[in-house]
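Structural features, examined
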Amino acid sequence: MVQFRPFIQPETIMQQLTLTRPDDWHLHLRDGALMQSVLPDTARQFARAIVMPNLRPPVTTTEQALEYRARILAVLPQGMKFEPLMTLYLTDNTSAEEIRKAKASGAVHAVKLYPAGATTNSDAGVTDLRKTYAALEEMQRCGMPLLVHGEATDAAIDIFDREAVFIERVMQPLLKDMPNLRVVFEHITTKDAAQFVMSAPDNIAATLTPQHLLYNRNAMLVGGIRPHFYCLPILKRETHREALVKAATSGSRKFFLGTDSAPHAQHTKENACGCAGCYSAHSAIELYAEVFEAAGALDKLEGFASFHGADYYGLPRNKETITLCKEEWQVPASVEFGEHRLVPLRAGETMKWKLVG
Ligand SMILES: NC(=O)N[C@@H](CC(=O)O)C(=O)O
Ligand SMILES: [Zn+2]
Ligand SMILES: [Zn+2]
């Protein structure tokens, strides 16, 4: 006689995923009403985030960073816990004294290098790295990380080559001069950068975004131009995406989560000259879960999302947990953004994982 009994398939066992609450090591929160719209998305998932300083005007002093931090905490909804980790925007004029102040504050955790002209709000950025050596030497001395938007800005360089050229022209000479400087190569997008970081000493690390792990440049350019996939550094070809997935899921402590969630109002992206930046904060951890699942590496997600970044920054790992469920849901076509609208990554499409607690 045939016996029927309940049978739990292996897939059913993997339907739920609990991990230590993650942190976002690269985030744009903007300011004012815009910030108020997007902050809850991040705070729902992440315990802490490294907050980028590219406001207008940029956050160049410790005093400004502390004021910005207070504005963030003032609009955090009641009952939500979130710790903003502040950064300074490096300029040609940043002094060693300012670095000492930043370090002493305990609230500023890194300094950001935007090569002038490289990306959104980078016009006040660094024109010649040598001008910043006094500040960088002090950072090397006190262990303050330098976060780098790694793209060469020379107009003659093809936009798809700018990251690889930056390694050669800026990163390597910099590390030769300051071998002990702690450097995070932010939002890496190429095989070249992944290999560079992998073979560099332990003081060099990198963040990876959901869009560069999920998409290649076809997503942006085939069948019509899709401005919501336009961010900097620009999406690259599939071979690069594959190398990034390999790095993220390798278990190496050098690679950690940094969404680079960079909200821009819908009308400024759907424009003849559209802004650079993808908004991913609404579903960041779920997007990363898809990447790790597709690579058969869900067991590596927690290290990447919750441990490696904290360890690199010398901060305690979080104690709480979050839980994701294998459940489909639809990303809205747009969400509120101050008095404007914001089109999130995956707008109108289906997500495979859902944050449930
Ligand atoms: N990534 C982007 O395309 N844009 C960021 C700036 C940055 O991180 O380069 C932004 O602030 O909009
Ligand atoms: Zn950048
Ligand atoms: Zn960014």
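These numbers come from a predicted model, not from an experiment.

1. Some words on the packing of helix α4 (residues 96-105) against helix α5 (residues 133-142)
Two elements in contact, α4 and α5, have axes whose closest approach is 8 Å; the angle formed by their N-to-C orientations is 35°. Where α4 crosses over α5, the two elements pack in a sense that is right-handed. When α4 is examined against α5, the residues A96, I99, R100 and K103 are found in contact with a partner set consisting of A134, A135, E138, M139 and C142. When its residues are assigned to classes, the contact of α4 with α5 shows six nonpolar, no polar and three charged.

2. Thoughts on the sheet that holds strand β2 (residues 24-27)
Across a sheet, strands are paired by hydrogen bonds formed along the backbone, either parallel or antiparallel in direction. Spatially, β2-β3-β4-β5-β6-β7-β8-β9 is the arrangement adopted by the eight strands of the open sheet, whose pairing is parallel. Unpaired on one side and paired on the other, β2 and β9 (255-257) mark the two borders of the sheet. In this sheet, adjacent strand axes meet at a mean angle of 30° when their direction is disregarded. Of the pairings in the sheet, the one linking strand β8 (residues 204-208) to β9 comprises three bridges and is parallel in character. Bridging from a neighbouring strand, T207 pairs with F256 of β9.

3. Thoughts on the sheet that holds strand β1 (residues 16-20)
The strand order across the open sheet formed by three strands is β1-β10-β13, and the pairing between neighbours is antiparallel. Of all strands in the sheet, those with a lone pairing partner are β1 and β13 (350-355), marking the two edges. Within the sheet, the average angular offset between the axes of one strand and its neighbour, ignoring direction, is 35°. Strand direction decides the pairing type here: strand β10 (residues 321-330) and β13, joined by five bridges, are antiparallel. Directly across from L324, in β13, lies its bridge partner L355. Strands β10 and β13 of the sheet are contacted by helix α12 (residues 284-294), whose axis makes an angle of about 110° with β13.

4. Quick notes on the pattern of salt bridges
For the structure shown, the criterion picks out 18 salt bridges. Residue R71 is joined to D31 by a salt bridge in which the shortest nitrogen-to-oxygen separation is 2.8 Å. One end of the pair, R71, is in helix α3 (residues 62-74); the other, D31, is in the loop between β2 and α2 (32-45), and 40 residues separate them in sequence. By relative accessible area, which is 35% here, R71 ends up partly exposed.

5. Observations regarding the coordination of the zinc ion (ligand 2)
Taken together, the protein donors to the zinc ion (ligand 2) comprise H149 (ND1) and H187 (NE2), at separations of 2.0 to 2.1 Å. Coordination at the zinc ion (ligand 2) is irregular, judged from the four donor atoms that bind it and the angles of 54 to 147° they form at the metal. Between the two metal centres, the zinc ion (ligand 2) and the zinc ion (ligand 3), the spacing is 3.8 Å. Linking H149 in the loop between β6 (146-148) and α6 (162-177) with H187 in the loop between β7 (183-185) and α7 (191-199), this pair joins segments that are 38 residues apart in sequence. Across the pair, H187 and H149 agree in class, each one buried.

Cut-off values and rules
- Residues numbered from 1 in each chain as written.
- Chains lettered and ligands numbered in written order.
- Predicted model: local features only at pLDDT ≥ 70, side-chain atom pairs only at ≥ 80, totals over all residues.
- Heavy atoms only, no water.
- Axes fitted to C-alpha atoms, helices over the stretch in contact; angles between N-to-C directions.
- Helix = DSSP H or I, 4+ residues; strand = E, 2+ residues; numbered from the N terminus.
- Left-handed = near helix turned anticlockwise from the far one by under 90°.
- Contact = heavy atoms within 4.5 Å.
- Nonpolar A, V, L, I, M, F, W, Y, C, P; charged D, E, K, R; others polar.
- Pairing = 2+ DSSP bridges.
- Salt bridge = Lys/Arg side-chain N within 4 Å of Asp/Glu carboxyl O.
- Buried < 20%, exposed > 50% of the residue type's maximum accessible area, 1.4 Å probe, protein only.
- Donors = N, O, S within 2.8 Å, 3.2 Å for Na, K, Ca; no water.
- Tetrahedral: all angles 85-135°; square planar, octahedral: opposite > 155°, others 65-115°.

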